[in-house]
Amino acid sequence: MSELPVVNSHNEWDTLEEVVVGVIDGATVPSWHIMLQATMPTKQWDFFKQSGGQPFPKERIDAARQDLEECVHILEQEGVKVRRPDPIDFTKPFSTPEWQSAGGLYAAMPRDLLIVFGDEIIESPLSWRSRHHEIWAYRRLMKDYFRQGGKWTCAPTPQLVDELYDENYTEPEEGEPHRYVITEFEPVFDAADFMRCGRDIFVQQSHTTNQFGIAWLQRHLGAEYRIHQIEIKEQSPMHIDATFVPLAPGKLLVNPEKLAKVPEMFKHWDVFYAPPPCTPVEHPMYMSSRWLSMNVLSLDEKRVMIEKGEETLIQDLKNWGFEPIPCNFRNFYSFGGSFHCATLDVRRRGTLQSYF
Ligand code: ABU
């Protein structure tokens, strides 16, 4: 078999060879801001307002770290090379000429910051002020991938000044059109709002990704790629990866509560609506819904890492021809992500193709 470039990933399902897995150490409650009001569960708002800039509870960090270690162990057993970012002290306050933040967030979710297209890794222009320096945790890895031949691109660093945010944002009522907490002041996107299927890339506009950001990425990638926007019905969208999950060529997992319409171009694909999550409603979830059940990581066209307690989806995946690999991850869920969020698939064994 021919040697692949060190960075090589075109879709969500080719055989995984190397992955970055986040770290939870240093996780800090982000400072309260209108961005959190638009995206975080209402019942956690008081927690964020009171605890911004302080570490998350130690027992929750310890429990999430155990989940991550189990995930790393399983990935290694499955033959995948695992790399980790550097834990940094996110409790340090920082400022720019226009704004201050009481601290950062974490280096737990590489998927939010970084996206790979072929041999290129792109650093996203994140829209949360608290995440402005989060990329520092990954810079050792970025330099190393560059030295080994990977292309390293940073999208324009956003200013994150007040003009980017709608300070008067409130969630639309049922039936009202979508509105977003971010404006079109400058390009911003979270990498986790995109899903890659070779030459076709799918994105949702969200509270972290604006049209300017989508246009920047399309122009950067050029005519070799086509970015398509999906239609969603959820009113607090942030990240596509618990909504629209291509698992293998011809197989798409979708969220019945979040996706408005399966795009026409998937008419020849097998589309499966995910069952309700199994995570108990009382499980602490600081930052997202229980739909993290869908936030799986494909190791190839068959093997899928999934939370051990998601028994309904595990059975459904088996019936659909997949080989689910269960791993404890509920304690990590509490921080707003699951396997897809917690990883960046740097190298998968495959080439750029069109699947439509
Ligand atoms: N990246 C996490 C997505 C979480 C959610 O849609 O509930």
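Summary of the structure given here.

So, how was this worked out
Residues numbered from 1 in each chain as written. Predicted model: local features only at pLDDT ≥ 70, side-chain atom pairs only at ≥ 80, totals over all residues. Heavy atoms only, no water. Pairing = 2+ DSSP bridges. Helix = DSSP H or I, 4+ residues; strand = E, 2+ residues; numbered from the N terminus. Axes fitted to C-alpha atoms, helices over the stretch in contact; angles between N-to-C directions. Near = heavy atom within 4 Å. Polar contact = N/O pair within 3.5 Å; in protein donor to acceptor, adjacent residues only side chain to side chain. Areas by Shrake-Rupley, 256 points an atom, 1.4 Å probe, with all protein chains shown as cover. 1 Å grid on protein atoms, 1.4 Å probe; cavity = no way out; pocket = protein on both sides within 12 Å on 5 of 7 lines; lining within 4 Å. Sits in = over half its atoms within 2 Å of the grid points. Nonpolar A, V, L, I, M, F, W, Y, C, P; charged D, E, K, R; others polar. Contact = heavy atoms within 4.5 Å. Points joined across faces, edges and corners; volume = space filled by probe spheres on them. Buried < 20%, exposed > 50% of the residue type's maximum accessible area, 1.4 Å probe, protein only. Arc of directions from axis to C-beta. Phe/Tyr/Trp six-rings, centres within 6.5 Å; stacked < 30°, edge-to-face > 60°. Lys NZ or Arg CZ within 6 Å of the ring centre and 35° of its normal. Core = buried A, V, L, I, M, F, W, Y, C linked by side-chain atoms within 4.5 Å.

In space, the three strands of this open sheet follow the order β12-β13-β15, with mixed pairing throughout. In this open sheet, the two strands that pair with only one neighbour each are β12 (244-248) and β15 (270-273). Averaged over all pairs of adjacent strands, the angle between strand axes in this sheet comes to 25°, irrespective of strand direction. Sheet topology note: the β12/strand β13 (residues 251-254) ladder contains four bridges and is antiparallel. Bridging across to β13, Pro246 finds its partner in Leu252.

All residues in the neighbourhood of the ligand are listed as Met238, His239, Asp241, Ala242, Lys258, Ser288, Ser289, Leu292, Gly336 and Cys341. With respect to the ligand, the side chain of His239 contributes an N or O atom lying 3.1 Å from a nitrogen atom. Between the ligand and the protein, one listed contact pairs an oxygen atom with a side-chain N or O atom of Lys258 at 2.7 Å. In the complex, 94% of the free accessible area of the ligand, which totals 250 Å², lies under the protein chains. Given that more than half its atoms are within 2 Å of the pocket grid, the ligand belongs to the largest pocket. Taken together, the residues that form the shell around the ligand break down as four nonpolar, four polar and two charged.

What follows covers the side chain of Gln204. Here Gln204 is to be found in the loop between β9 (200-203) and α6 (211-221). Polar contacts involving the side chain of Gln204 include one to the side chain of Asp193, which spans 3.1 Å. Within the structure, the side chain of Gln204 is placed 3.1 Å from the backbone oxygen of His239, a separation counted as a polar contact. Not counting the four nearest positions on each side in its chain, Gln204 is found in contact with Asp193, Thr209, Ile230, Ile232, Pro237, Met238, His239, Ile240 and Thr243.

With that settled, the discussion passes to the layout of surface pockets. A volume near 670 Å³ is recorded for the largest pocket. Around the largest pocket sit 38 residues that line it, and Thr39, Pro41, Met287, Ser288 and Ser289 are the ones nearest its centre. Top element by residues in the lining of the largest pocket is helix α1 (residues 34-39). It accounts for three residues. Partitioned by chemical class, the residues of the lining of the largest pocket number 19 nonpolar, 11 polar and eight charged. A volume near 270 Å³ is recorded for the second largest pocket. Lining the second largest pocket we find 16 residues, and of these Glu123, Ser124, His132, Ile135 and Thr157 sit closest to its centre. Split by residue class, the lining of the second largest pocket holds nine nonpolar, four polar and three charged.

Take helix α5 (residues 139-147) next. Two residues of an α-helix separated by three or four positions point the same way, owing to the 3.6 residues in each turn. All of the buried residues along α5 are Leu141, Met142 and Tyr145. End-on, the buried residues of α5 take up no more than an arc of 100°, which puts them together on one face. Looking at the buried side of α5, the elements it contacts are β1 (15-21), β2 (81-83), β5 (114-117), β6 (120-123), β7 (151-154) and β19 (343-349). In the segment just after α5, Gly149 is the residue with positive phi, at about 115°.

Take the packing of aromatic side chains next. Overall, the coordinates contain 25 aromatic pairs when judged by the stated rule. Ring centres of Trp13 and Tyr355 lie 4.9 Å apart, and the angle between their planes is 85°; this geometry places the pair in the edge-to-face category. Taken together, the residues span a long stretch of sequence, with Trp13 in the segment before β1 and Tyr355 in the segment after β19 at a distance of 342 residues. Seen in terms of ring centroids, Phe47 and Phe48 are 5.6 Å apart; in terms of plane orientation they differ by 70°. Their pairing is edge-to-face. For Phe48, a relative accessible area of 0% translates into the label buried. Grouped by ring-pair contacts, the aromatic residues Trp13, Phe202, Phe244, Phe266, Trp269, Tyr355 and Phe356 constitute a single cluster. Its guanidinium or amino end placed over the ring of Trp128, Arg131 lies 6.0 Å from that ring's centre, counting from NZ or CZ. Stacked on the ring of Phe322, the Lys or Arg Lys251 has its end atom at 4.8 Å from the ring centre.

Bringing the sheet that holds β7 into the picture now. Taken in spatial order, the three strands of this open sheet run β5-β6-β7, and their pairing is mixed. Bordering the open sheet on either side are β5 and β7, each of which pairs with just one other strand. Ignoring strand direction, the axes of neighbouring strands in this sheet form an average angle of 25°. The sheet contact formed by β6 and β7 spans four bridges and is parallel. Residue Glu123 lies in a different strand from β7, and its bridge partner there is Cys154. Here α5 sits on the sheet in contact with β5, β6 and β7, set at roughly 135° to β7. Each of β5, β6 and β7 touches α6; the most contacted strand, β6, lies at about 155° to it.

With that out of the way, let us pick up the nonpolar core. With 50 residues, the main nonpolar core has Ile24, Leu75 and Met305 as its most contacted residues. Of all elements in the fold, only β1, α1, α3 (58-77) and β18 (323-327) reach the threshold of two or more residues within this core. Take this core: its biggest share by element is seven residues, from α3. With residues up to four places along the chain from it excluded, the contact list for Leu75 reads Leu16, Val19, Val21, Val80, Val82, Leu297, Leu299 and Met305.

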